[in-house]
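Secondary and tertiary structure notes
Listed here are the chains, written in short residue letters.
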2 protein chains.
Amino acid sequence: MTAPIDFYFDFSSPYGYFAATRIEALAARHGRSVQWHPMLLGVVFKTTGAQPLPLLPLKGPYSLRDFERTARLHDIAYRRPEKFPISTQLAARATIWVGQTYGAGKAAEFAKAVYRAYFAEGRDITDPDAVAGIAASLDIDGAALVDAAGSAPIKEQLKLDVEAAIQRGVFGSPFVLVDGEPFWGFDRFDQIEAWLKNGSI
Amino acid sequence: MTAPIDFYFDFSSPYGYFAATRIEALAARHGRSVQWHPMLLGVVFKTTGAQPLPLLPLKGPYSLRDFERTARLHDIAYRRPEKFPISTQLAARATIWVGQTYGAGKAAEFAKAVYRAYFAEGRDITDPDAVAGIAASLDIDGAALVDAAGSAPIKEQLKLDVEAAIQRGVFGSPFVLVDGEPFWGFDRFDQIEAWLKNGSI
């Protein structure tokens, strides 16, 4: 039996969304499962001094173009959100609570639905009503979820999770760890594939 | 007849080196030639506020690992240079002079040899003697090249070239423009391939 691979992502990251549509099939091709780790790039960027891509001179306009091109090349539904980037505490905390309450499989399903809502369906995932609605569509108790997402234990858990991610060297989204080997970016999925196949590159 | 594609690179960029080993074959598969544009990331970074990858927290150590992995995945000879990053004025100016004196084909040949010397053969391409030696191996007058690289007109030409690159939105290395469409990174060669094939993605 082999260990699951660790998938770190921020809900405001388009490349994280693209990766979320592919990571499970990639892992499954090599007999692996996926542990989903929502994190907050804003906190990570305080450590690294980085800034959100879209806010950078030259790189910002380019990245908006690259998001759309990447989505088309991989045939992933994508519509540039009106509000972008956004703060993703609510979505991340909600995912943690779904995992605690309904199990890891449901949390992954919820995370994918939240990503899709934001990056393909034009929905505002900073809005508790929207997030409760996504939950309800998956037979998750939306009201309980919104309550829990504002609770001290869940807030604390996300804080600990983000600190742990930084400790493991996570500095971007998506970020994948395979048996300790770090891969940053949707554009490293070819390297992940090679590594999963051969245990090295 | 179709226009050449524009290939921008800094001699201190490992991903630029990787790209330089593949760009001509990629272009040729689609009936294109390549215009080689040496540039200076240091100047570009003053505009964008970016910093050399290896100096960034977390991202720095990761990138050193990614350079080696990428080289192995694509079967490109690579040895991490002792001195890295370096200033690349000399190599860039020398390439401009080779282009003016021996033509664009020779300049491309020279650029590839300089990259290989730095990233595969452990040679110091900030050293005029080393650069003259690379030139001599290609039947280029090494002494004249070193003289010219220190001359006012060549310095001015590189300055103009870098300014023009920034004007065209170039912010990293490698950076490729195909009929005005910008692609940043060796990991966008799949997108360049798709674009060259279909004229869009």
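Conventions adopted
Residues numbered from 1 in each chain as written. Chains lettered and ligands numbered in written order. Predicted model: local features only at pLDDT ≥ 70, side-chain atom pairs only at ≥ 80, totals over all residues. Heavy atoms only, no water. Helix = DSSP H or I, 4+ residues; strand = E, 2+ residues; numbered from the N terminus. Expected span 1.5 Å × (residues − 1). Buried < 20%, exposed > 50% of the residue type's maximum accessible area, 1.4 Å probe, protein only. Arc of directions from axis to C-beta. Contact = heavy atoms within 4.5 Å. Least-squares fit on C-alpha atoms with pLDDT ≥ 70 in both. pLDDT = per-residue confidence, 0-100.

1. Re helix 9 (residues 152-167) of chain A
Residue and element names in this part refer to chain A. Here helix 9 is 16 residues long and its end C-alpha atoms lie 22 Å apart, about the 22 Å a rise of 1.5 Å per residue gives. Within helix 9, burial applies to Ile 154, Leu 158, Val 162, Ala 165 and Ile 166. On an axial view of helix 9, the arc spanned by its buried residues comes to 115°, and they lie on one face. Opposite its buried face, helix 9 presents the exposed residues Ala 152, Pro 153 and Gln 167, each directed more than 90 degrees away. The inward-facing, buried residues of helix 9 contact strand 1 (5-9), strand 2 (34-38), helix 3 (41-48), helix 5 (89-102) and helix 8 (142-149). Following helix 9 by one or two positions, Gly 169 adopts a phi angle in the positive range, close to 95°.

2. So, the relation of the copies chain A and chain B
Between the two copies, chain A and chain B, the superposition gives an RMSD of 0.0 Å; the rotation angle is 180° and the shift along the axis is 0.0 Å. Those values place the two copies in the arrangement expected of a two-fold rotation axis. If distances are taken from each C-alpha of chain A to the rotation axis, the shortest is found for Asp187(A), at 3.2 Å. A high fraction, 100%, of the interface residues of chain A reappear at the interface in chain B, so the copies pair face to face through one surface.

3. Points about the confidence of the model for chain A
Per-residue confidence for chain A averages 96 on the pLDDT scale, and 100% of its residues sit at or above 70. Both scores are available for the predicted complex, with the pTM at 0.95 and the ipTM at 0.93.

4. Remarks on unusual backbone geometry
Cis geometry is adopted by the peptide bond preceding Pro174(A), which originates at Ser173(A) and carries an omega value of 0°. Mapped onto the secondary structure, Pro174(A) falls in the loop between helix 9 and strand 3 (175-178). Of note, the bond from Phe84(B) into Pro85(B) is cis; its omega dihedral lies within 30 degrees of zero at -10°. Mapping Pro85(B) onto the fold places it in the loop between helix 4 (59-73) and helix 5 (89-102).

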